[in-house]
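The chain contents come next:
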Amino acid sequence: MEGLQIPNSPNPQAPYGLPPSHTYNNNIKANGVLNGQPGKTLLRAQQEVDMLNHCFEEIEIFMLKLQQASEAQIILEQRSNKKKKSRKKEDDLLNAKAKIPPEAEFIQIFQKFKYSFCLLARLKTAIANPTSDKLLHHIFKPLDMIVKAKESPALAASVRSPALTVGAVTLLKENLTPQEHILWSSLGSYWTQSGLALGVSGPSYTPVFLNGWKPPGAELEGWIDPIQAEHSKDGEEEKLALHSSVQPPAPLTPEQNMHTEV
């Protein structure tokens with residue numbers, strides 16, 4: 001079976017770009033054939049890898065916007081002492097390019113990061129070369145740069161939705177480097193604690209992609225977002241854990257029964 005690929009960076013030389021040519025080697029084996037189609041587990045994983053790919057692609061596009069803004073700003077600064085009327089039109093274009101994306105776009109891309117963390121955790125046993133934990137390191141570099149572009153983690157820290165799953169928080173806790181952990185901690189509880197731990201409730205998050213792509217079947221009645229399904233699973237597992245922790249009282253021995261009857 002062919003590997004599942006993350007798209008190449010729009011500009012492999014860009015300092016903000018993710019490392020190019022990541023390839024997933026699919027370690028999932030089909031659980032039989034249903035009506036001539038691959039097993040449900042395999043099909044689900046392929047769809048979720050596609051969602052992850054689209055999140056990564058939009059992160060790369062956003063980083064390219066920041067790079068273009070930075071390059072335009074440098075050119076404008078170099079020209080500041082040599083400005084000529086003949087360059088006014090060109091400078092107007094550079095001024096437009098030098099503007100970083102609006103705050104709403106920053107929020108949307110921070111949401112894509114959080115959604116990606118949840119997908120990486122959910123796909124942890126399904127992907128390899130690179131693994132989920134290695135991909136985590138790859139996307140922390142652009143996350144760091146985007147946070148720095150706003151000169152403060154405050155905006156990122158305010159992004160409540162999507163809430164992280166229990167698995168995503170575990171993946172982050174167990175795999176971040178000390179430097180990455182500093183950044184992660186600076187983003188606050190919406191990034192360091194699961195939705196279950198925070199008691200977060202509200203409308204589910206559905207990623208919207210710039211190219212209009214939607215997961216196959218997303219428009220059909222009954223379709224459930226995979227991360228929303230993971231949150232439901234977290235809730236069910238907590239209920240089971242609480243139920244199993246409540247032990248029934250031990251039955252009375254015959255001697256204890258005699259005492260109670262007196």
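Since the structure is predicted, the reported quantities are computational estimates derived from the model, not experimental observations.

Criteria and thresholds
- Residues numbered from 1 in each chain as written.
- Predicted model: local features only at pLDDT ≥ 70, side-chain atom pairs only at ≥ 80, totals over all residues.
- Heavy atoms only, no water.
- Phe/Tyr/Trp six-rings, centres within 6.5 Å; stacked < 30°, edge-to-face > 60°.
- Helix = DSSP H or I, 4+ residues; strand = E, 2+ residues; numbered from the N terminus.
- Buried < 20%, exposed > 50% of the residue type's maximum accessible area, 1.4 Å probe, protein only.
- Lys NZ or Arg CZ within 6 Å of the ring centre and 35° of its normal.
- Salt bridge = Lys/Arg side-chain N within 4 Å of Asp/Glu carboxyl O.
- Axes fitted to C-alpha atoms, helices over the stretch in contact; angles between N-to-C directions.
- Left-handed = near helix turned anticlockwise from the far one by under 90°.
- Contact = heavy atoms within 4.5 Å.
- Nonpolar A, V, L, I, M, F, W, Y, C, P; charged D, E, K, R; others polar.
- Core = buried A, V, L, I, M, F, W, Y, C linked by side-chain atoms within 4.5 Å.

A.B. asks: Which residues make up the packing of aromatic side chains, and what values go with them?
C.D. replies: In the structure shown here, the tally under the stated rule is seven aromatic pairs. Ring geometry for phenylalanine 106 versus phenylalanine 110: centroids 6.5 Å apart, planes at 45 degrees, classification tilted. Pair noted here: phenylalanine 106 and phenylalanine 110 are both in helix α3 (residues 103–122), with a separation of four residues, about one helical turn. In this structure, phenylalanine 106 and phenylalanine 110 share a single accessibility class: buried. For the pair phenylalanine 209 and tryptophan 213, a centre-to-centre distance of 5.5 Å together with 65 degrees between the ring planes defines the contact as edge-to-face. Ring pairing ties together the aromatic residues Phe62, Phe106, Phe110, Phe117, Phe140 and Trp191, which thus form one cluster. A cation over a ring is seen here: lysine 112 above phenylalanine 209, with NZ or CZ 5.4 Å from the ring centre.

A.B. asks: Quick one: what's the story with the pattern of salt bridges, residue by residue and with numbers?
C.D. replies: The tally for this structure, following the rule as stated, stands at eight salt bridges. Between glutamate 230 and arginine 122 there is a salt bridge, with its nearest N and O atoms 2.6 Å apart. Taken together, the residues glutamate 230 in helix α10 (residues 226–245) and arginine 122 in helix α3 connect sequence positions 108 residues apart. Here lysine 239 and glutamate 236 are joined by a salt bridge, their closest N and O atoms 3.9 Å apart. Here the residue lysine 239 and the residue glutamate 236 both occupy positions in helix α10, the gap between them amounting to three residues, near one helical turn.

A.B. asks: For the packing of helix α1 (residues 40–79) against α3, give the residues involved together with the corresponding values.
C.D. replies: In the contact formed by α1 and α3, the axes pass within 9 Å of each other and the chain directions differ by 145 degrees. Every pair of crossing elements has a handedness; the one defined by α1 and α3 is left-handed. The residues of α3 that touch α1, namely those facing Arg44, Glu48, Met51, Leu52, Cys55, Phe56, Glu58, Ile59, Phe62, Lys65 and Leu66, are Glu105, Phe106, Ile109, Lys112, Phe113, Tyr115, Ser116, Leu119, Leu120 and Arg122. For the contact of α1 with α3, the per-class residue count stands at 13 nonpolar, one polar and seven charged.

A.B. asks: Quick one: what's the story with the nonpolar core, residue by residue and with numbers?
C.D. replies: Side chains of nonpolar character tend, in soluble globular proteins, to be buried together. Counting 46 residues, the largest nonpolar core has Phe110, Phe113, Phe117, Phe140, Leu143, Ile146 and Trp191 as the members making the most contacts within it. Elements that contribute at least two residues to this core include exactly α1, α3, α4 (132–149), α5 (154–157), α6 (166–175) and α7 (178–186). Once you skip the residues sitting within four places of it in the chain, phenylalanine 110 turns out to touch Leu143, Ile146, Val147, Leu155, Ala156, Val159 and Trp191.

A.B. asks: Lay out the side chain of glutamate 58 in plain terms, naming residues and giving numbers.
C.D. replies: Mapped onto the secondary structure, glutamate 58 falls in helix α1. Residue glutamate 58 is classed as buried on the basis of its relative accessible area of 8%. In this view, glutamate 58 contacts Ile109, Lys112, Val208, Phe209, Leu210 and Asn211; residues no more than four positions away in its chain are not counted.

A.B. asks: Let's hear about the packing of α1 against α4: which residues, and what values?
C.D. replies: Look at α1 against α4: their axes get within 11 Å of each other, and the N-to-C directions meet at 35 degrees. For the element pair α1 and α4, the recorded crossing hand is left-handed. Where α1 approaches α4, its residues Phe56, Ile59, Phe62, Met63 and Leu66 are matched on the opposing element by Leu135, Ile139, Pro142, Met145, Ile146 and Ala149. When its residues are assigned to classes, the contact of α1 with α4 shows eleven nonpolar, no polar and no charged.

A.B. asks: Account for unusual backbone geometry, with residues named and values stated.
C.D. replies: With the exception of glycine, the majority of residues adopt a negative phi angle, and the majority of peptide bonds are in the trans configuration. The omega torsion across asparagine 129 and proline 130 is 5 degrees, close enough to zero to call that bond cis. Tracing the backbone shows proline 130 in the loop between α3 and α4. Here serine 161 and proline 162 are connected by a cis peptide whose omega angle stands at 5 degrees. Mapped onto the elements, proline 162 comes out in the loop between α5 and α6. In the Ramachandran plot, asparagine 129 falls in the positive-phi region, its phi being about 55 degrees despite a non-glycine side chain. The exposure class of asparagine 129 is exposed, given its relative accessible area of 51%. If you check the backbone angles, glutamate 151 has positive phi at about 65 degrees while not being a glycine. Locating glutamate 151 in the fold gives a position in the loop between α4 and α5. Assessed through its relative accessible area of 75%, glutamate 151 is described here as exposed.

Note that all results are geometric; they support no functional claim without further evidence.
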